[in-house]
Amino acid sequence: MAEYCDSRSPLYASLCGHFARDLRVAAIASEMNWDVPLRLLGGLHYLVLGGEASWEDVDAAVDAHGEFLAHFVREQPVQTNEIARAWALLRGLACVGAERIDLLELGTSAGLLLYLDRYGYPPQGRFEIVRRRGVDTHPVDVTTEEGARLLQAFVWADQPERLERLREAIAIVREDPLELITGDYVDLLPELLADRRDDATTVVMSAVTTMYLKADRYAELVEKLNGAVWLSLEAPRGDLEYEGARLELNGQVLAEHVDFHGTLMEWVG
């Protein structure tokens, strides 16, 4: 993770290098899964945002809040609503070719990407989103201060432009709260797809979420999505050398190497 952050976040690259040699991390994280660094840094950022810790003395934060960090790493899934991903997703949504869209997002977190048409990214076609629904095992309610703080905690702390985008998006959502559904989206998908609007095209959207599914659950998801309109922005499964995510509409590749923070993409569609 330190190597990955090296050209993106000097602060997090330094912290990851430091924690890689810190025996206290073994006590905080009983299993060293790939996303543990993101959870640990998210927990620290959560404390900093609350004025309970400082980036200038993270060792003191680990000593003082080791129990909290262990619980955060163990229980809190990574919740990233990267607003700039809307740039790619909006172009993909325009490719659906529908004038009215009933949008359902899987692994929605706080649902901020469901407002992708309100962030100033011009679409390539004209359409109206008539309903916005999001499903997540741990949805985040950003109309509360706690929810807003949690979502900000997973943004890399030395990237102020990302934090500013997130805060502006939170303000938009607070003006028009959406429908957040709690549950496992693989299990709930048939029920959610059955609840269709007759006056719109239902589009299922996923952004950097199916990568967390085990192989059998992913296969089940694909089977349940058969016949649905699926816009996905996901890293190719099993390809560890691929950089970024791939934007696909019903399996057709629209863009390659979409940066996870939404800054770059190679449009091919």
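Residues numbered from 1 in each chain as written. Predicted model: local features only at pLDDT ≥ 70, side-chain atom pairs only at ≥ 80, totals over all residues. Heavy atoms only, no water.

K.L.:
When you look at the packing of aromatic side chains in this model, what are you seeing that I'm missing?
P.N.:
Within a pair of aromatic rings, the relevant descriptors are the distance that separates the centres and the angle that separates the planes. For the structure shown, the criterion picks out eight aromatic pairs. Centre to centre, the rings of Phe 68 and Phe 72 are 5.7 Å apart; their planes meet at 45°, and the pair counts as tilted. You can see Phe 68 and its partner Phe 72 sitting in helix α6 (residues 66–75), four residues apart, about one turn around the helix. In this structure Phe 72 comes out as buried when scored by relative accessible area, which is 6%. By the ring-pair criterion, three or more aromatic residues cluster together here, those being Tyr 4, Tyr 12, Trp 55 and Trp 156. (Phe/Tyr/Trp six-rings, centres within 6.5 Å; stacked < 30°, edge-to-face > 60°. Helix = DSSP H or I, 4+ residues; strand = E, 2+ residues; numbered from the N terminus. Buried < 20%, exposed > 50% of the residue type's maximum accessible area, 1.4 Å probe, protein only.)

K.L.:
Would you mind showing me how to read the packing of helix α4 (residues 36–49) against α6 here?
P.N.:
When two helices pack together, their arrangement is given by the angle between the helix axes and the distance between those axes. Look at α4 against α6: their axes get within 9 Å of each other, and the N-to-C directions meet at 130°. Of the possible angle classes, the one that applies to α4 and α6 is oblique. In this structure, the crossing between α4 and α6 has a hand that is right-handed. Judged by residue contacts, Val 36, Arg 39, Leu 40, Gly 42, Gly 43, Leu 44, Tyr 46 and Leu 47 of α4 engage Phe 68, Leu 69, Phe 72, Val 73, Arg 74 and Glu 75 from α6. Of the residues in the contact of α4 with α6, the class split is nine nonpolar, two polar and three charged. (Axes fitted to C-alpha atoms, helices over the stretch in contact; angles between N-to-C directions. Parallel < 35°, antiparallel > 145°, perpendicular 65-115°, else oblique. Left-handed = near helix turned anticlockwise from the far one by under 90°. Contact = heavy atoms within 4.5 Å. Nonpolar A, V, L, I, M, F, W, Y, C, P; charged D, E, K, R; others polar.)

K.L.:
I would appreciate a short explanation of a nonpolar patch on the surface in the present structure.
P.N.:
A cluster of nonpolar residues, Trp 34, Met 211 and Tyr 212, forms a patch on the protein surface that exposes about 310 Å² of accessible area. By the secondary structure assignment, Met 211 is in the loop between β4 (201–207) and α11 (215–224). Taking the relative accessible area as the measure of exposure, Met 211 reaches 30% and is therefore partly exposed. (Patch = residues over 30% accessible without salt bridge, like charges linked within 9 Å, V, L, I, M, F, W, Y side chains within 5 Å. Areas by Shrake-Rupley, 256 points an atom, 1.4 Å probe, with all protein chains shown as cover. Salt bridge = Lys/Arg side-chain N within 4 Å of Asp/Glu carboxyl O.)

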